[in-house]
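Structure assessment
This is what each chain is made of:
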Amino acid sequence: MLSTLTLLLRHPPVRTGAFAIFLFGAAGAATSPYMSMIGIRELGLSDRAYSVLIFAAALVNVSASIAAGILVDRLGHYRRPMLVASLFGVAGFAMVYAFPSAPVFVVATLLFIPVYGSINSLIFASIRAASAGMAARELIAVNSAVRAVLSLSWVLVPGIVGALLAGGPSMLPAFLFASTACGACFLLFAFSPQKAAGGRNANTRRSAFLASLGEIASGRVLPRVVAIALISSMLHINGAVLPLVVTGKAGGTAVDVGVIVGIVAFLEIVFIVFWGWVEARTSARFAMIASASVYAAYLVFLGLADAPRDVYVLTLVASLGAAGIISVPITYLQDLIAERAGLGSSLIAVNVFLSGGLSSLAFALGTAISDYAGTAILGAFSGVCGIALLRLLDRPGGAALREADDGGT
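In this text the structure is predicted, and so the values were computed from the model without any measurement.

Things to note about the overall build of the protein
For the protein, the helix and strand inventory stands at 18 helices and 0 strands. Residue burial in the protein is summarised as follows: out of 409 residues, 53% are buried. Look at the contacts in the protein between residues 6 or more apart in sequence, and 82% of them connect residues 24 or more apart. As displayed, the protein offers around 17300 Å² of accessible surface, 70% of which is attributable to carbon and sulfur atoms. Seen as two clouds, the 24 positive and the 17 negative side-chain charges of the protein have centres 9 Å apart.

Below is the structure:
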């Protein structure tokens, strides 16, 4: 743990990325828990309109992340795109706070905030470029540490914001807090030197836009992204069914839900570093399959839980599995297009989008044929499908096929 922290603090560009990812997480952690409450209850959007808005915003986010990744590969630097993305966040969150109305909320949620969200993959891309000379183990440790910092923001900020706004007439001031975090992010990028991408990849950085999209859609990349998305979808399914299982079949309360989520988020920070250690000594494939198997087992037992204490016991298993699923795929996805830090890192956003869509389908199917407990078990099955696909694609014969594909491009 201490060696990983030392590695993070020793490199200025990586240190900047860690501070930036904390601020990025702080903006999301301050507002995400209240988005539906403000959009539906305070500003009058219907449930259907809000669901369509969130889906459209996810499309804008993944499109902006891919476009930004292609752009920074062509430019060879990250400062200007990250400054622009930060300003989108400043404006988007501030306009909701200053002019709280349904039209303003829609514009901010559909355009400004999703474009700001592309800064997540840009930060990991800049860290990847700045870490080009590091050994593979160090790069894995850096990515794990930065992802742990993002989790730390989600542990600290919701409780702080909730305590500050408790008893107030509205949660809208959370958007002012988020806008301030985006402004701090802008200042951080403005006054911190950013390392440019290495000149050895100049030709690949200048690949045409459609050719870049073709790389993502290639048979070498897309099936692996789908496999990771199936695994990651378990996290989304758990987010939907955990409160319903705890307050339903398990007989718990909303307080239990909050405590359980907090415990898992805290333990994830420790286990993220653990999975980075495992990945460095084995492989990303092994670490992903192991963590996904643990989380699939957790979802099965969550579906069988019939008392709050059962779910509390499962928090250790949940945090162990979740930590690997949210951290290990970062390096794996970047390595799929290793020669292009921006485009490779944009796959992080593609994974988030696909996993969200797959989890929505699984939730709809599960609730149609079973109850929430059965939906949790169906979510585990989705993860097992992802594990099987990943094993199939990255089997020893698949490695040879991958090398052949690389040689033909």
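What about the environment of A376?
Among the structural elements, A376 can be located in helix 17 (residues 372–393). The class for A376 is buried, based on a relative accessible area of 0%. Spatially, the C-alpha atoms of A376 and V311 are 13 Å apart, while their sequence positions differ by 65 residues. Leave out the neighbours within four places in its chain, and A376 touches V241, L299, L302 and G303.

Quick word on the side chain of S118
Residue placement: S118 occurs in the loop between helix 6 (102–117) and helix 7 (119–130). Residue S118 is classed as buried on the basis of its relative accessible area, which comes to 3%. A distance of 2.6 Å separates the side chain of S118 from the backbone oxygen of V115, its partner in a polar contact. Setting aside residues up to four positions removed in sequence, S118 forms contacts with N61, A64, S65 and A85.

Considerations on the state of the cysteines
All told, the structure shown has 0 disulfides when counted by the stated rule. Summary of cysteine pairing: C185 is not part of a disulfide, and the nearest cysteine sulfur, belonging to C182, is at 7.0 Å. Owing to a relative accessible area of 0%, C185 belongs among the buried residues under this scheme.

Remarks on the pattern of salt bridges
Close approach of charged atoms lets side chains of opposite charge pair. In the structure shown here, the tally under the stated rule is 4 salt bridges. Close ionic contact of R340 with D73 constitutes a salt bridge, the shortest N to O distance being 3.4 Å. Remark: D73 occurs in helix 4 (residues 47–75) and R340 occurs in the loop between helix 15 (308–336) and helix 16 (341–369); sequence separation between them is 267 residues. A single burial state applies to R340 and to D73, both of which are buried. The partner of R128 in a salt bridge is D335, with the nearest N and O atoms 2.5 Å apart. Taken as a pair, R128 in helix 7 and D335 in helix 15 lie far apart in primary sequence, 207 residues in all. Given a relative accessible area of 13%, R128 falls into the buried group. A residue is classified by how much of its surface remains accessible, and D335, at 42% relative accessible area, is partly exposed. Through salt bridges that share partners, D73, E215 and R340 make up one connected network.

Some remarks on the side chain of S346
Examined against the element boundaries, S346 turns out to sit in helix 16. By relative accessible area, which is 0% here, S346 ends up buried.

Observations regarding the nonpolar core
Core analysis: the largest hydrophobic core is formed by 58 residues, its most contacted members being F105 and I119. Element by element, the count of residues in this core is highest for helix 2 (residues 12–31), at 9 residues. Look past the residues within four positions of I119 in its chain and what remains in contact with it is F24, M82, A85, S86, C185 and F189. If you look at the next biggest cluster of nonpolar residues, it comprises 57 residues, including L302, A305, A318 and L343.

Describing the packing of helix 12 (residues 222–247) against helix 17
Axis separation between helix 12 and helix 17 bottoms out at 8 Å; the angle between their running directions is 165 degrees. Here helix 12 is positioned roughly antiparallel relative to helix 17, judged by the angle of their axes. Here the hand of the crossing between helix 12 and helix 17 comes out left-handed. Grouping the amino acids of the contact of helix 12 with helix 17 by side-chain chemistry returns 20 nonpolar, 6 polar and 1 charged.

Things to note about a nonpolar patch on the surface
Taken together, the side chains of L152, L156, I160 and L164 define a hydrophobic patch exposed on the protein surface, amounting to about 370 Å² of accessible area. Residue class for L156 comes out partly exposed when judged on its relative accessible area of 39%.

Focus: the packing of aromatic side chains
One pass over the full model with this rule turns up 9 aromatic pairs. An angle of 65 degrees between the planes, with centres 5.2 Å apart, marks the rings of F274 and W275 as edge-to-face. Residue class for F274 comes out partly exposed when judged on its relative accessible area of 36%. Judged by relative accessible area, which is 5%, W275 ranks as buried.

Cut-off values and rules
Residues numbered from 1 in each chain as written. Predicted model: local features only at pLDDT ≥ 70, side-chain atom pairs only at ≥ 80, totals over all residues. Heavy atoms only, no water. Helix = DSSP H or I, 4+ residues; strand = E, 2+ residues; numbered from the N terminus. Buried < 20%, exposed > 50% of the residue type's maximum accessible area, 1.4 Å probe, protein only. Contact = heavy atoms within 4.5 Å. Areas by Shrake-Rupley, 256 points an atom, 1.4 Å probe, with all protein chains shown as cover. Lys, Arg positive; Asp, Glu negative; His and termini not counted. Charge placed at Lys NZ, Arg CZ, Asp CG, Glu CD. Polar contact = N/O pair within 3.5 Å; in protein donor to acceptor, adjacent residues only side chain to side chain. Disulfide = S-S within 2.5 Å. Salt bridge = Lys/Arg side-chain N within 4 Å of Asp/Glu carboxyl O. Core = buried A, V, L, I, M, F, W, Y, C linked by side-chain atoms within 4.5 Å. Axes fitted to C-alpha atoms, helices over the stretch in contact; angles between N-to-C directions. Parallel < 35°, antiparallel > 145°, perpendicular 65-115°, else oblique. Left-handed = near helix turned anticlockwise from the far one by under 90°. Nonpolar A, V, L, I, M, F, W, Y, C, P; charged D, E, K, R; others polar. Patch = residues over 30% accessible without salt bridge, like charges linked within 9 Å, V, L, I, M, F, W, Y side chains within 5 Å. Phe/Tyr/Trp six-rings, centres within 6.5 Å; stacked < 30°, edge-to-face > 60°.

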